[in-house]
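Listed here are the chains, written in short residue letters.
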Amino acid sequence: MPYLVHSPEDRTAMFEIIGARSMDELLVDIPRSLRLEALQLPDGLSEMETMRQVTALAGRNRVFPDRLTFRGGGVYRRFIPAAVAAVTSKPEFYTAYTPYQAEASQGTLQAIFEYQTLIAELTALDVSNASLYDGATAVAEAAMMAYVHTGRNEVLVAGYVHPEYVQVLRAFGEGRGIKVRRGDQPNKKTAAVIFQQPDFLGLLVDARGLTQAAHDAGALAIACVDPISLSILAPPGEYSADIAAGEGQQLGLSPSFGGPHVGFIACKRELVRKLPGRLVGTAYDAQGRRGFTLALAAREQHIRREKATSNICTNHSLCALAAAVYLTYMGPYGLRHVAEVSFKRAHALAERLAALPGWELAFPERQFFNEFPVRAPKAPALVRKLARKGILGGLEVSRWFRELKGVLTFTCTEVNDAHALDELMEALKA
Amino acid sequence: MPYLVHSPEDRTAMFEIIGARSMDELLVDIPRSLRLEALQLPDGLSEMETMRQVTALAGRNRVFPDRLTFRGGGVYRRFIPAAVAAVTSKPEFYTAYTPYQAEASQGTLQAIFEYQTLIAELTALDVSNASLYDGATAVAEAAMMAYVHTGRNEVLVAGYVHPEYVQVLRAFGEGRGIKVRRGDQPNKKTAAVIFQQPDFLGLLVDARGLTQAAHDAGALAIACVDPISLSILAPPGEYSADIAAGEGQQLGLSPSFGGPHVGFIACKRELVRKLPGRLVGTAYDAQGRRGFTLALAAREQHIRREKATSNICTNHSLCALAAAVYLTYMGPYGLRHVAEVSFKRAHALAERLAALPGWELAFPERQFFNEFPVRAPKAPALVRKLARKGILGGLEVSRWFRELKGVLTFTCTEVNDAHALDELMEALKA
Amino acid sequence: MTTEPLSFELSRPAVDPPRLPDAEVAGPAPSDVLPREALRSRAPGLPRLSEPESMRHFSRLASMNYSISENFYPLGSCTMKYNPVLNEQAAALPGFASLHPYQDEDTVQGALELMWRLEQALCAIVGVDRVTLQPAAGAHGEWTALRMIAAFHHSREEKRTEVLVPDSAHGTNPASAALSGFRVVEVRSGPDGRISLADLESKLSPQTAALMLTNPNTLGLFEREILDIAEMVHATGALLYYDGANLNAFMGICRPGDMGFDAVHMNLHKTFTTPHGGGGPGAGPVGVKADLVPFLPTPTVERTNGHLTLDHRRPKSIGRVRSFYGNFGMLVRAYTYILAMGGDGLGQASQDAVLSANYLRKLVETDLEMPHQGPCMHEFVASAHNLHDTGVRALDIAKALLDRHFYAPTVYFPLVVSEAIMVEPTETESKATLDSFARAIKEIVGQARTDPQGLHDEPKNLPVGRLDEVAAARKINAWLQGQAEDPVLRWKGPLDGGPKEPG
Amino acid sequence: MTTEPLSFELSRPAVDPPRLPDAEVAGPAPSDVLPREALRSRAPGLPRLSEPESMRHFSRLASMNYSISENFYPLGSCTMKYNPVLNEQAAALPGFASLHPYQDEDTVQGALELMWRLEQALCAIVGVDRVTLQPAAGAHGEWTALRMIAAFHHSREEKRTEVLVPDSAHGTNPASAALSGFRVVEVRSGPDGRISLADLESKLSPQTAALMLTNPNTLGLFEREILDIAEMVHATGALLYYDGANLNAFMGICRPGDMGFDAVHMNLHKTFTTPHGGGGPGAGPVGVKADLVPFLPTPTVERTNGHLTLDHRRPKSIGRVRSFYGNFGMLVRAYTYILAMGGDGLGQASQDAVLSANYLRKLVETDLEMPHQGPCMHEFVASAHNLHDTGVRALDIAKALLDRHFYAPTVYFPLVVSEAIMVEPTETESKATLDSFARAIKEIVGQARTDPQGLHDEPKNLPVGRLDEVAAARKINAWLQGQAEDPVLRWKGPLDGGPKEPG
Ligand SMILES: Cc1ncc(COP(=O)(O)O)c(C=O)c1O
Ligand SMILES: Cc1ncc(COP(=O)(O)O)c(C=O)c1O
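None of these values were measured; they are calculated from a predicted model.

Draft legend 1. Representation of the overall build of chain A within the structure. Within chain A one finds 13 helices and 13 strands. Considered along the principal axes of its C-alpha atoms, chain A spans approximately 85 × 55 × 50 Å. In chain A, which comprises 430 residues, the share counted as buried stands at 70%. At a minimum sequence separation of 6, the contacts of chain A that also span at least 24 residues come to 72%. Summed over all atoms, the accessible surface of chain A reaches about 12900 Å², with 52% contributed by carbon and sulfur. Taking the 47 positively charged and 45 negatively charged side chains of chain A as two groups, their mean positions are separated by 6 Å.

Structure (structure tokens):
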């Protein structure tokens, strides 16, 4: 059978050494009444047939070309350098466990240390952890940090933060009796003000103002940020937000129907002891050689148990590695270049869309980055029409925000070449 | 620029150390009149645009699904275990050079040693070399061996040997004044009788008889064989052919429009010194540890120069590695299983095709393996019709053999499931 | 092997950025339209390396790792089994990897069908009614299940504030309980390494919301009295939660659902071969009995005459536990594995896992202390306590194994065994490998008697020797008070080290 | 690192074969219809391993290799530069990898277009009129070109039987000439490391069919008098053949075609980054001037108003040199590389290659003997002759470098330099790497004076120590006379070791 190694003769020899006659003797502790005859599953398939079945399922999905994908909402098509898969597909990386034995895991540990530094640099904060599950849980964990740090049990969500992130925040909050309110007026009960920059619609918010307001109320400011935009937009550290959290999918990860991606979280020095999850630090051997090892484990569940800052154990290391490879490939100016291209194209597209009869920018007075909301006539029908032409058009946000009926958000990145924009415009006019 | 590492500052520093002021000073030896302004090629593209252009070219090719590919003629669609690419895509294997420094190349050397053994076992001969370019050059090299060994300058090609192999044999032969004749009656001038088992049409030949005839005339017998069939058909060693040569594409390599594939060659002990190309053997270090190293280099061009058995230097190592992984995955019974499945399906299909009105087996009295020739009404139109239905139908062999007008060869392997056979039959009837 | 510099240390200011597409359209630059204060003032200190340099950098880092691909990895409780390469091919299919999570349902029927089939298969394997595929890992699944359990009690207007957790439990259990708002009450293990029914009895109360149990427990021992335990727990109106990290012990042999568990999490990155990735991503689906189904997180995948939909309208749901629908790429891998193995293969896998564990246990039982009686299930916990007098500790044995090309077992867990050495061979390691591992243990234990110092000095054959974690911790504390130089928790370039404009 | 058993040594008789599809159709089994004597009597002795075992086996073998992905690989004459991972992605596209060579032309227009464009690009780079992409490697290209040269002379009813080859030439040159039916006449190099015009003069005759030249030659020196050489050769009615192994020295700087070469081979697996694969597959296209075009191998790729065809009807063609159309997968990689680099990138690549070689030459010129005056082009040849008195030879330096994580330069080639050490850094190695390599050389040369024996004992840090090739050769000779036991040139199981029927 596939992936099994013992031959019948091996098994016999092993039973002999053990001194057992049969499997049953090894399973004596299991109450007879619990024993199964067999699993109610079909027998296994050959590798070829397995792959054909799986490929057939993949074939029942519609793949929109990246250049004609204008839908974002938290997951974006971007150019992924071949280098990323070349590194993450190395078995030495992807078949290793969490680096408990540091000396035999320096590859993973150093890569994570580099990832931590890259995130800290992007956010302009002091320390990043080794990764979290996704942007939603990263924001929720940030809120938990604020709750523990301030001892206050209310968090304020300002503006259009990704609706799914807010839902996850509520679920996390409920467990610990934390109230999640919408608004931007913090008070004495407020543990943190959470905002997204750019927000779920792609619009820029007054990050400085919100941070100031939070601090004035003795609350923390939590900025949910787009890592690519940070090569151009002021990073949380520059407006002295306390915690930055967000989704790292754009850093070299494929959409993959929503996961696995990677949540990042970074904070100021004072908050490091409250950070959830893994953290890698330097350590030295007897000869003074520098190495890397898991650090500040006293925050974590395996030491602190119920008093841990979080329950997270397995995180998203390999995705963090992908992000590290991506950022190393891009470098500071490559990253800024793709951000600028995305910005320019989004603004060019916004202008062309707004010029269509019956169309208008939903928030003409607001600035945006590479995603923006437009009000379009019969949005639903229109999106279906685009789909028929192989274009994944804007996202209908009314599904989450009733007040935004008829509003679509469009996004542009370096994959949407000028000709793709033209195709979109033609498809809309046709 | 992509793949270049020096920064302008690096270059300046290097020029300084060298003590040269400019590139021109390093290129003084090149006559001025020869210096170019620049290459007449467009500037480089970004990785994304490069991949898009290449993908666009790939998109202009028609890919027939493996299940609906019934065309062979020397290149076959077979199930390729994921293990093969997983191994050959390891940079430690694919970015290494020919293993000149044995101690730092044990991975490649041992893998080739295993490949040599696998081929020797399949062919039931004593020794295999490390690989050749393809089946055609393997047969030609085998003929050169016979020429050198017997001192005779005529080789006999018996029956339907792959026409391209024969063309290559002629080109090789011309250089050395070797005559290539068709026929199966060797004489005193005959260096070798070359036959293919199964032959180009898929038919079985009397390998024993031909070998006997060759030996009776003091000539060598060269068997061009299908490695998969050897799990069932008598291997060259069992009917005491002197040299086995052939194409290894079926051992885990994709069709890839005809290459790279791998030529294999194996021979009896007496002929080993005449073998072309690389050969790996065991060697031991001072502590008695077993290792592997290039062996019998005295046959080769880098030592023997114009007296070498062949000029081959770079061969097809990585393809040989793929074959080794494939054969290790399959094992003796896995390999026999796919051969049997191919055999059964081909015979089932042959019967169904022969039953079609106006169709008939081209050589009803001959046995075949998993490829066979049928005479079909308006073959050309028919093949085009199948193509329109996404089926890569039989191969028109009249293109090489005028006497086989209207004959198509069909092939079946483990990828052509029963349903695919039905689809083919329906398409033909429709 | 040597160490490798950090990418930041290899970086040089003037290295060209990669070639990237131009905007091609006339649009404003950010600085044209955005207010100054919205813009970044100083470029982030990312490294500047050419592709050849960075690829070699990461290739060298890779070679500094042990991994199942090259090393026996007997890490107890982690089920480090062979990761089929086929799974990777499947997950990389564009029909999966390129799907946007917000595509319309009718364009992702294949993805939803895969999720549906995987849910069905997992239901059959653990014996539950429904499964949510959303949790990203085991701990996430634990917490998700406890949220459901809380909602369940709440829906019945019961105030239950305590969750019972055995002292042998994994740290994520109490942590998940606490983060879900419960008070954690520890239940003691008896001398036989199994939960003490007496102690359980005494801790159970009307406050009890649930008992979290791992079975076989973290000692690799099957909780013989599981049926009585289930009865006791249910009698008090509490629910029974199953930590599925040890599911590899009995696929096709028995099912948590039949044992009376109400909620079950599974680690697809353990039992179902999705690669561990050096610390994730994984997937921690949770299966529940009918009573808990209404509380499942949204959305669920529903199938009505062949058409698949995502159900977001579930009034009693605990809501969302993460964005989108789970670690889909991992679900593809697990489904691929289940298809290839089939019911027959999975059953044999568990049997081989148990056989291998008992075999290896037998081989080393004379070298190490065995605190509990066998047979064990898929793993066993030994103790280095017998070497106490030599001064050799479990940690030394771990490091000595590294020098012999084996990854180390889990050490110092579970906490109930002193000098614990937790060994899980899994079904994908050959008898030959187990034999050589046992020889290594024998050799090391022998050396403990003759040359303990030699063991304290290991590892010697790795890029770095034993790292001084105590000194490292001290330095971090100093750093947190601003009294130590980088690099500690991150690299920091010279203050003016922000790269200049590209040359 | 340790050694790894052979797959045959890991094999066990009763291991299950892999799961494979059934026939699904009613058809006869071979034994039902084929005569006994057509059937195999004994199953081949292939190993029987589970997938996890064989994957680990090959993973471990991989880790026993040095490769450019992890090591500086200054192997002179081999141009071991970075292999872009993008090339691998391109070649794996199903639109290329799944094409059958006998598909109808209208279904493979993209593949033919790629070949056409690659041919155009190569023509522009080396300055010729047409290129055949068929040869599988450099040597194959040499032979192909010589066949064309022979056909050319023959078509003009000239009987020219000799090919001139410099003493510094690569072994494939004389071998290819001989296999193509020519008598090889060696031309001596002068003291400056360049071909002696006087000697060339004396060897040229009406018998001369061609002069084979590498420029820069294998000493890394540009043949200054190439224009005179060309004139001399052409004056006698002979042709000039260019061995393109060293093309990396001057892309965009000058062109063999302009130097007067009539035929040129290129090694795509050197200059154009197709990976070397541990010894191939490569690709050795041959470019020719108009006079030789009629003799190109069949088929050629032709393009008429956008439509591409394969031309098999070429009456004067030398015929076929291999099956199908070349190592297509390698052509895809090379084309991808050329697209990404562009004319500007290729030019800079060669300039950097020359810069790096001269830089490294400068760094080591005080440690090793430099038999010839610089500047060099993309590589240089040093000599360990200066260590003669210490008993340390080029081979010892090579092995000592291995222990310092560098692959070794080419040693003992070219033959015209004693104790030759041929170093080619390429443009994709950083200054930092070159500096560390130079430090290693300095260190080793230093050790030669203080501790030569230490160097004779290297390598020490690899899976095996220095292998005794002399003893190995002796054993092979014995084996060939049936006087030595396997394994020598192959593994051989116990005589009855043929696996039994599957259990
Ligand atoms: C017994 C046990 N429970 C829970 C967990 C947590 O699972 P995860 O790491 O996937 O969050 C683990 C794995 O570390 C475990 O071994
Ligand atoms: C100078 C020279 N000529 C010819 C060759 C032969 O090329 P190949 O190995 O591709 O046959 C080589 C490479 O080994 C070489 O270095």
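Draft legend 2. Looking closely at the overall build of chain C. A count of helices and strands for chain C gives 16 helices and twelve strands. With the C-alpha coordinates aligned to their principal axes, the bounding extent of chain C is approximately 75 × 70 × 45 Å. Burial statistics for chain C: of 503 residues in total, 71% are counted as buried. Residue pairs at least 24 apart in sequence account for 69% of intrachain contacts in chain C once pairs closer than 6 positions are excluded. Computed over 46 positive and 60 negative side-chain charges, the inter-centroid distance for chain C is 3 Å.

Draft legend 3. Seen up close, the interface of chain B and chain D. With 184 residues of chain B at the contact, the number on the chain D side is 208 residues. Of the roughly 16900 Å² buried between chain B and chain D, counting both surfaces, carbon and sulfur atoms make up 64%. Where chain B packs against chain D, one counts twelve salt bridges. Between the two partners, chain B and chain D, sit 93 residue pairs in polar contact (both at pLDDT 80 or more). With 25 residues, the single largest contributor to the side of chain B that touches chain D is helix H11 (residues 317-354) of chain B. Residue composition of the side of chain B that touches chain D, grouped by class: 99 nonpolar, 48 polar and 37 charged.

Draft legend 4. Local environment of the interface of chain C and chain B. Counting residues at the interface gives 15 residues for chain C, matched by 18 residues for chain B. Where chain C touches chain B, the interface holds one salt bridge. Measuring nitrogen to oxygen at the nearest pair gives 2.9 Å for the salt bridge that ties Asp10 of chain B to Arg12 of chain C. In this assembly, chain C and chain B are joined by three residue pairs in polar contact (both at pLDDT 80 or more). Among the residues making up the side of chain C that touches chain B, the classes are represented as seven nonpolar, two polar and six charged.

Draft legend 5. Molecular detail of the environment of Leu360 of chain C. All names here are of chain C. Along the chain, Leu360 turns up in helix H12 (residues 328-364). For the pair Leu360 and Pro425, spaced 65 residues apart in sequence, the C-alpha to C-alpha distance is 7.9 Å. Beyond its immediate stretch of four places on either side in the chain, Leu360 contacts Phe72, Phe380, Val423, Pro425, Leu434, Phe437 and Ala438.

Draft legend 6. Seen up close, the packing of H11 of chain B against helix H3 (residues 51-62) of chain D. With their axes 10 Å apart at the nearest point, H11 of chain B and H3 of chain D run at an angle of 155° to one another. Accordingly, the angle class assigned to the pair H11 of chain B and H3 of chain D is roughly antiparallel. H11 of chain B and H3 of chain D meet at a crossing whose hand is right-handed. Taken together, the residues of H3 of chain D that come into contact with H11 of chain B (itself represented by Leu321, Ala324, Val325, Thr328 and Tyr329 of chain B) are Glu51, Ser54 and Phe58 of chain D. For the contact of H11 of chain B with H3 of chain D, a count of residues per class yields five nonpolar, two polar and one charged.

Draft legend 7. Layout of the site of ligand 1. Around ligand 1, the structure places 15 residues, and the nearest of them are Thr314 of chain A together with Ser77, Asp243, His269 and Lys270 of chain C. With respect to ligand 1, the chains having nearby residues are chains A and C. The separation between an oxygen atom of ligand 1 and a polar side-chain atom of Ser77 of chain C is 2.5 Å. Taking Ala139 of chain C, its main chain carries an N or O atom lying 2.8 Å from an oxygen atom of ligand 1. Protein chains bury 99% of the 390 Å² of accessible surface belonging to ligand 1 in isolation.

Draft legend 8. Structural context of the site of ligand 2. Residues in close proximity to ligand 2 total 15 residues, the closest being Thr314 of chain B together with Ser77, Asp243, His269 and Lys270 of chain D. Ligand 2 sits at the junction of chains B and D, each of which supplies nearby residues. The separation between a nitrogen atom of ligand 2 and a polar side-chain atom of Asp243 of chain D is 2.6 Å. Between ligand 2 and His269 of chain D, the relevant distance is 2.7 Å, taken from an oxygen atom to a side-chain nitrogen or oxygen of the residue. The element that contributes the greatest number of residues to the shell around ligand 2 is helix H7 (residues 138-155) of chain D, accounting for three residues. Classifying every residue of the shell around ligand 2 by side-chain character gives five nonpolar, seven polar and three charged.

Draft legend 9. Up close: the sheet that holds strand E10 (residues 360-361) of chain A. All names here are of chain A. Taken in spatial order, the four strands of this open sheet run E10-E11-E13-E12, and their pairing is antiparallel. The open sheet has two edge strands with one neighbour each: E10 and strand E12 (395-396). Looking at chain direction, strand E11 (residues 371-375) and strand E13 (residues 407-411) are connected through five bridges and run antiparallel. Along E13, the bridge assignment pairs Phe372 with Phe410.

Draft legend 10. Seen up close, the sheet that holds strand E11 (residues 410-411) of chain D. All names here are of chain D. Spatially, the three strands line up as an open sheet ordered E10-E12-E11, and their pairing is antiparallel. Looking along the sheet, the strands with just one partner apiece sit at the ends: strand E10 (380-383) and E11. Taken together, the two bridges between E11 and strand E12 (residues 420-423) define a ladder with antiparallel strand orientation. Bridge pairing in E12 links Val411 to Ile421.

Draft legend 11. Structural context of the packing of aromatic side chains. For the coordinates displayed, the defined rule picks out 59 aromatic pairs over all chains. Ring plane angle 75° and centroid distance 6.5 Å describe the contact between Phe222 of chain C and Phe250 of chain C, whose orientation is recorded as edge-to-face. Placement of the pair is Phe222 of chain C in the loop between strand E4 (208-213) and helix H10 (226-235) and Phe250 of chain C in the loop between strand E5 (239-244) and helix H11 (256-259), with a sequence separation of 28 residues. Pair check on accessibility: Phe222 of chain C and Phe250 of chain C agree, each one buried. Taken together, the aromatic side chains of Tyr160, Phe200, Phe257, Phe363, Trp400 and Phe401 of chain A together with Phe96, Tyr102, Phe324, Tyr325 and Phe328 of chain C make up a single cluster linked through ring pairs.

Draft legend 12. Structural detail: the packing of helix H7 (residues 135-150) of chain A against helix H8 (residues 163-175) of chain A. Residues and elements named next belong to chain A. Their axes nearest at 8 Å, the elements H7 and H8 cross at an angle of 45°. One way to sum up the angle between H7 and H8 is to call them oblique. Read as a crossing pair, H7 and H8 show a hand that is right-handed. Here Gly135, Ala136, Thr137, Val139, Ala140, Glu141, Ala143 and Met144 of H7 lie close against H8, whose contacting residues are Glu164, Tyr165, Val168, Leu169, Phe172 and Gly173. Taken together, the residues of the contact of H7 with H8 sort by class into nine nonpolar, three polar and two charged.

Draft legend 13. Quick peek at the pattern of salt bridges. Taken as a whole and assessed by the stated rule, the structure comprises 110 salt bridges over all chains. A salt bridge links Arg32 of chain B to Asp24 of chain B; the nearest nitrogen and oxygen atoms lie 3.9 Å apart. The exposed category is assigned to Arg32 of chain B, whose relative accessible area is 58%. The closest approach of N and O atoms between Arg67 of chain B and Glu423 of chain B, which form a salt bridge, is 2.9 Å. With a gap of 356 residues between them, Arg67 of chain B in the loop between helix H3 (47-59) and helix H4 (82-88) and Glu423 of chain B in helix H13 (residues 418-429) connect regions that are remote in the sequence. Residue Arg67 of chain B is classed as buried on the basis of its relative accessible area of 19%. Because the salt bridges share partners, they merge into one network encompassing Arg52 of chain A together with Asp66, Arg67, Asp417 and Glu423 of chain B.

Draft legend 14. Local environment of the environment of Ala83 of chain A. With respect to the helices, strands and loops of the structure, Ala83 of chain A is situated in helix H4 (residues 82-88). Using a relative accessible area of 5% as the deciding quantity, one classes Ala83 of chain A as buried. On a C-alpha basis, the gap between Ala83 of chain A and Gln101 of chain A in space is 27 Å, while along the polypeptide they are 18 residues apart. With sequence-adjacent residues up to four places away left out, Ala83 of chain A is seen in contact with Val325 and Tyr329 of chain A, Met55 of chain C together with Val85 of chain D.

Draft legend 15. Highlighting the side chain of Thr428 of chain D. Looking at the element boundaries, Thr428 of chain D is found in the loop between E12 and helix H14 (431-450). Overall, Thr428 of chain D belongs to the buried group, its relative accessible area being 7%. A polar contact of 2.9 Å, which involves the side chain of Thr428 of chain D, links it to the backbone nitrogen of Tyr82 of chain D. If near-sequence neighbours (up to four positions away) are discounted, Thr428 of chain D is found in contact with Tyr3 and Val5 of chain B, Pro52 of chain C together with Lys81 and Tyr82 of chain D.

Rules used in this analysis
- Residues numbered from 1 in each chain as written.
- Chains lettered and ligands numbered in written order.
- Predicted model: local features only at pLDDT ≥ 70, side-chain atom pairs only at ≥ 80, totals over all residues.
- Heavy atoms only, no water.
- Helix = DSSP H or I, 4+ residues; strand = E, 2+ residues; numbered from the N terminus.
- Buried < 20%, exposed > 50% of the residue type's maximum accessible area, 1.4 Å probe, protein only.
- Contact = heavy atoms within 4.5 Å.
- Areas by Shrake-Rupley, 256 points an atom, 1.4 Å probe, with all protein chains shown as cover.
- Lys, Arg positive; Asp, Glu negative; His and termini not counted.
- Charge placed at Lys NZ, Arg CZ, Asp CG, Glu CD.
- Buried area = accessible area lost by both parts, 1.4 Å probe.
- Salt bridge = Lys/Arg side-chain N within 4 Å of Asp/Glu carboxyl O.
- Polar contact = N/O pair within 3.5 Å; in protein donor to acceptor, adjacent residues only side chain to side chain.
- Nonpolar A, V, L, I, M, F, W, Y, C, P; charged D, E, K, R; others polar.
- Axes fitted to C-alpha atoms, helices over the stretch in contact; angles between N-to-C directions.
- Parallel < 35°, antiparallel > 145°, perpendicular 65-115°, else oblique.
- Left-handed = near helix turned anticlockwise from the far one by under 90°.
- Near = heavy atom within 4 Å.
- Pairing = 2+ DSSP bridges.
- Phe/Tyr/Trp six-rings, centres within 6.5 Å; stacked < 30°, edge-to-face > 60°.

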